[in-house]
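Given next are the chains, with one letter for each unit.
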Amino acid sequence: IDHLNQFILGYAKFAKLPTPRLTATELAVFIEQLQAQLDFNLQSEVPNISIKFDASQIEQALINLVKNAQESGSAFEDVVMQVSLMPDTLNIAIKDRGAGMSEQVLKNALIPFYSTKQSGTGLGLALCREIIEAHEGKLSIHNRQGGGLEVVVSLPQVPVNPN
């Protein structure tokens, strides 16, 4: 019953994803607040800029991705976030050293209701994809050389006031 209730709540959130409200967000402060909530290692310096995105939606997506990395079986120090700026894109990579995914799982991982977890609903990664795509971004998943997974959130860089 609990599993079904969680599934229904997750589906309701997924089905009613609101349009992102883009507001100026200090990227370094945003990542710092995220790190205060979750255990991950920051692998890069976070650029000191403001970018427009829906902070609560992006936070929800990143929390889910970091939790997935933590559940991969990686040691704490192997769950890392790397933030990088390209000319028109902000990339946030979440990396782990878990088992990675088979080719079949990689193909289906972003499809709603597809899950390999016994108690999974298959909505977590699909919701992340929906959030990122609603921001006109892209979510990509790749196995890492040497084992593990890398999930990259690529968001269009909508700068507010570069510092």
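Each remark here, short or long, concerns the structure printed above.
None of the values given here were measured: they were computed from a predicted structure.

Here we look at the sheet that holds strand E6 (residues 138-143)
Moving on, step 1. Read across the open sheet, the five strands follow the order E2-E4-E5-E7-E6; overall the sheet is mixed. The outermost strands of the open sheet, each flanked by one partner alone, are strand E2 (41-42) and E6.
Moving on, step 2. In this sheet, strand E5 (residues 89-95) lies alongside strand E4 (residues 80-85) in antiparallel orientation, the contact comprising six bridges. Bridge pairing in E5 places serine 84 opposite asparagine 91.

Comments concerning the nonpolar core
Moving on, step 1. Grouped together as the largest cluster of nonpolar side chains are 34 residues, with contacts concentrated most on Leu27, Leu62, Leu65 and Met81.
Moving on, step 2. Listing elements by their share of this core, those giving two or more residues are helix H2 (27-37), strand E3 (50-53), helix H3 (55-70), E4, E5, helix H5 (124-134), E6 and strand E7 (149-156).
Moving on, step 3. Ranked by residues supplied to this core, first place goes to H3 with seven residues.
Moving on, step 4. Apart from the residues lying within four places of it in its own chain, the contact partners of leucine 65 are Ile94, Leu125, Cys128, Leu139, Val151 and Val153.

So, the pattern of salt bridges
Moving on, step 1. Per the counting criterion, the structure on display carries two salt bridges.
Moving on, step 2. Glutamate 130 is paired through a salt bridge with arginine 129; the nearest N and O atoms lie 3.3 Å apart.
Moving on, step 3. Owing to a relative accessible area of 17%, arginine 129 belongs among the buried residues under this scheme.
Moving on, step 4. Two residues, arginine 129 and glutamate 133, come together in a salt bridge whose shortest N-O distance is 3.3 Å. Here glutamate 133 and arginine 129 lie together in helix H5, a separation of four residues that amounts to about one turn.

Description of the packing of H3 against H5
Moving on, step 1. Two numbers describe how H3 lies on H5: the axes approach to 9 Å, and their chain directions differ by 145°. As for the relative orientation of H3 and H5, their crossing is left-handed in sense. For the pair formed by H3 and H5, the contact residues are Gln57, Ile58, Gln60, Ala61, Asn64, Leu65 and Asn68 on the first element and Gly124, Leu125, Leu127, Cys128, Ile131 and Ile132 on the second.

So, the side chain of serine 140
Moving on, step 1. Its place among the elements puts serine 140 in strand E6.
Moving on, step 2. The exposure class of serine 140 is buried, given its relative accessible area of 15%.
Moving on, step 3. Within the structure, serine 140 has its side chain in polar contact with the side chain of histidine 142 (distance 3.4 Å).
Moving on, step 4. Beyond its immediate stretch of four places on either side in the chain, serine 140 contacts Glu150, Val151 and Val152.

A closer look at the environment of alanine 28
Moving on, step 1. Position of alanine 28 relative to the elements: it lies in helix H2.
Moving on, step 2. The class for alanine 28 is partly exposed, based on a relative accessible area of 27%.
Moving on, step 3. Sequence-wise, alanine 28 and serine 50 are 22 residues apart; in three dimensions their C-alpha atoms are separated by 8.4 Å.
Moving on, step 4. Those residues in contact with alanine 28, other than ones at most four positions away along the chain, are Val46 and Pro47.

Focus on the packing of H2 against H3
Moving on, step 1. Where H2 contacts H3, the two axes come as close as 11 Å, and the packing angle between them is 45°. Overall, the two elements H2 and H3 adopt an arrangement that is oblique. Seen along the crossing, H2 lies across H3 with a hand that is right-handed. On the side of H2, the interface is formed by Phe30, Leu34 and Gln37, while H3 contributes Ala55, Ile58, Glu59, Leu62 and Ile63.
Moving on, step 2. Residue classes in the contact of H2 with H3 are distributed as six nonpolar, one polar and one charged.

Reading the values: rules and limits
- Residues numbered from 1 in each chain as written.
- Predicted model: local features only at pLDDT ≥ 70, side-chain atom pairs only at ≥ 80, totals over all residues.
- Heavy atoms only, no water.
- Pairing = 2+ DSSP bridges.
- Helix = DSSP H or I, 4+ residues; strand = E, 2+ residues; numbered from the N terminus.
- Core = buried A, V, L, I, M, F, W, Y, C linked by side-chain atoms within 4.5 Å.
- Buried < 20%, exposed > 50% of the residue type's maximum accessible area, 1.4 Å probe, protein only.
- Contact = heavy atoms within 4.5 Å.
- Salt bridge = Lys/Arg side-chain N within 4 Å of Asp/Glu carboxyl O.
- Axes fitted to C-alpha atoms, helices over the stretch in contact; angles between N-to-C directions.
- Left-handed = near helix turned anticlockwise from the far one by under 90°.
- Polar contact = N/O pair within 3.5 Å; in protein donor to acceptor, adjacent residues only side chain to side chain.
- Parallel < 35°, antiparallel > 145°, perpendicular 65-115°, else oblique.
- Nonpolar A, V, L, I, M, F, W, Y, C, P; charged D, E, K, R; others polar.

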